[in-house]
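The lines below spell out each chain.
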Amino acid sequence: MRVTQSGMDLNLLTALDALLEECSVSGAAQRMHLSEPAMSRTLGRIRKALGDPVLVRAGRSMVPTPHALAIRAEVRVIVERARTLFTAAGDVDLSTLSRTFTVLSHDAFTAACAAPLFARAAREAPGVRLKFLAESYVDTPALREGVADLEVGVIDTISPEVHTEHLFDDHMVACVRVGHPLLDGRCTPERFAAAEHLIVSRRGKLHGPVDSALAELGLTRRVVGTVPTFPSSLFVLRSSDLVGLIANQLATMVEEMGLRTFEVPMDLPPLPMGLAWHPRNSADPGHAWLRECLRDVMTRPSG
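What counts as what
Residues numbered from 1 in each chain as written. Predicted model: local features only at pLDDT ≥ 70, side-chain atom pairs only at ≥ 80, totals over all residues. Heavy atoms only, no water. 1 Å grid on protein atoms, 1.4 Å probe; cavity = no way out; pocket = protein on both sides within 12 Å on 5 of 7 lines; lining within 4 Å. Points joined across faces, edges and corners; volume = space filled by probe spheres on them. Nonpolar A, V, L, I, M, F, W, Y, C, P; charged D, E, K, R; others polar. Phe/Tyr/Trp six-rings, centres within 6.5 Å; stacked < 30°, edge-to-face > 60°. Helix = DSSP H or I, 4+ residues; strand = E, 2+ residues; numbered from the N terminus. Buried < 20%, exposed > 50% of the residue type's maximum accessible area, 1.4 Å probe, protein only. Core = buried A, V, L, I, M, F, W, Y, C linked by side-chain atoms within 4.5 Å. Contact = heavy atoms within 4.5 Å. Axes fitted to C-alpha atoms, helices over the stretch in contact; angles between N-to-C directions. Parallel < 35°, antiparallel > 145°, perpendicular 65-115°, else oblique. Left-handed = near helix turned anticlockwise from the far one by under 90°. Pairing = 2+ DSSP bridges. Salt bridge = Lys/Arg side-chain N within 4 Å of Asp/Glu carboxyl O.

### Here we look at empty space enclosed by the protein
Following the criterion strictly, the structure yields 1 cavity of 30 Å³ or more and no others. For the largest cavity, the calculated volume is near 40 Å³. Every residue lining the largest cavity is listed: R76, E80, G146, A148, D149, R280 and N281. Residue classes in the lining of the largest cavity are distributed as 1 nonpolar, 2 polar and 4 charged.

As structure tokens, then:
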């Protein structure tokens, strides 16, 4: 921040963090228990201190300026470190904790696990809000830049600056409608390959590990197309003879929706399920609580 020592006010950092999180004066005011006029005045002070508008109008909403985006992660780090300094190591009063945590996850995980997370937060930390972000079709350093506090699901990052924790290995199973022909009798690789398939891919990929496994057997399948999200694939599968794939961890949830699952008749690579976060959050007791919640949800028995 371009602020002189004599004019420095660390309270502005907390306000700036709230403004960049909410992209709204009213939302930031509510979060900081201030009136909107008071928050507007604070935004004016921040603009003067930074020499930058910080937030600008875009239709009915407000968006961060390029400079605000560039410093957002640094502001978040400073604010979180300050919180940690004034919190006893390993201790956090969940009943008074007021935080917004952003979780980056595949929408399949969100569909299956968000509800118990919201329920636990309501019981233990009613001042906590959880924001789930969908995986992007482009790879971005969301943890490093402070866009997300935690990533959950299949962790395949090789970034040395990201801490990862492996929880368990899952595997893919096939998913079809009730009464699908592949449910009648033994499903061989040949029968599986002869069916028409639907892929869930945020990037629109038409080839995956299944195709590699089939190729080793001298087989190919027909992929009729892709959809970008897991929930949308379920509606397509339920109303067609297409074959889809889901993580076995989600099989119970999918079958409760009226679909059926069965083992894929080839060896597929495992799905390493886990957590990932930036090391700056490792010692943060609030973040540690969030990690504990996610561990419990991800490893609890299905059904």
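### Side note on the packing of aromatic side chains
Scanning the entire structure with this criterion turns up 1 aromatic pair. Consider the rings of F118 and F132, whose centres lie 5.9 Å apart with planes at 70°: the pair is edge-to-face. Here the residue F118 occupies a position in helix α5 (residues 107–124), and F132 occupies one in strand β4 (residues 128–134), the gap between them amounting to 14 residues. Residue F118 is classed as partly exposed on the basis of its relative accessible area, which comes to 42%.

### Structural notes on the nonpolar core
Core analysis: the biggest nonpolar cluster contains 40 residues, and L130, V152, W289, L290 and L294 have the highest contact counts within it. Leaving out residues up to four positions away in the same chain, L290 has contacts with F101, V103, L130 and L150. In terms of nonpolar packing, the next biggest core, distinct from the first, is built from 21 residues, L13, A18, L19 and A29 among them.

### So, the packing of α5 against helix α10 (residues 285–299)
Running from N to C, α5 and α10 cross one another at 130°; their axes reach a closest spacing of 10 Å. What the angle tells us is that α5 and α10 run oblique. The interaxial crossing formed by α5 with α10 has right-handed handedness. Between α5 and α10, the contacting residues are F109, C113, P116, L117, R120, A121 and E124 on the first element and W289, E292, C293, L294, D296, V297 and M298 on the second.

### Brief notes about the layout of surface pockets
Of the pockets and cavities examined, the second largest pocket occupies roughly 260 Å³. Looking at the lining of the second largest pocket, the elements with two or more residues in it are α1 (11–22), α2 (25–31) and β3 (99–105). Its residues assigned to classes, the lining of the second largest pocket comprises 3 nonpolar, 6 polar and 5 charged.

### Examining the sheet that holds strand β5 (residues 150–154)
Across the sheet, which stays open at both edges, the 5 strands sit in the order β4-β3-β5-β12-β6 with mixed pairing between neighbours. The sheet is open, and its two edges are formed by β4 and β6 (163–170), each paired on a single side. Neighbouring strand axes in the sheet, compared pairwise and without regard to direction, differ in orientation by 20° on average. By the bridge criterion, 4 bridges tie β5 to strand β12 (residues 271–277) in an arrangement that is antiparallel. The residue of β12 that forms the bridge with E151 is A276. Contacting β3, β4 and β5, α5 crosses the sheet at an angle of about 180° to β4. This element, α10, spans β3, β4, β5, β6 and β12 of the sheet and lies at about 165° to β12.

### Thoughts on the pattern of salt bridges
Per the stated rule, a full pass over the model turns up 12 salt bridges. A salt bridge links E292 to R120; its shortest N-O distance comes to 3.4 Å. Highlighted residues: E292 in helix α10 and R120 in helix α5, separated in sequence by 172 residues. Residue classification places E292 among the partly exposed positions, given a relative accessible area of 38%. On the basis of relative accessibility, which here comes to 13%, the residue R120 falls in the buried class. Salt bridges sharing common partners tie together D17, E22, R31 and R129.

Without other data, these values stay purely geometric and don't point to any function.
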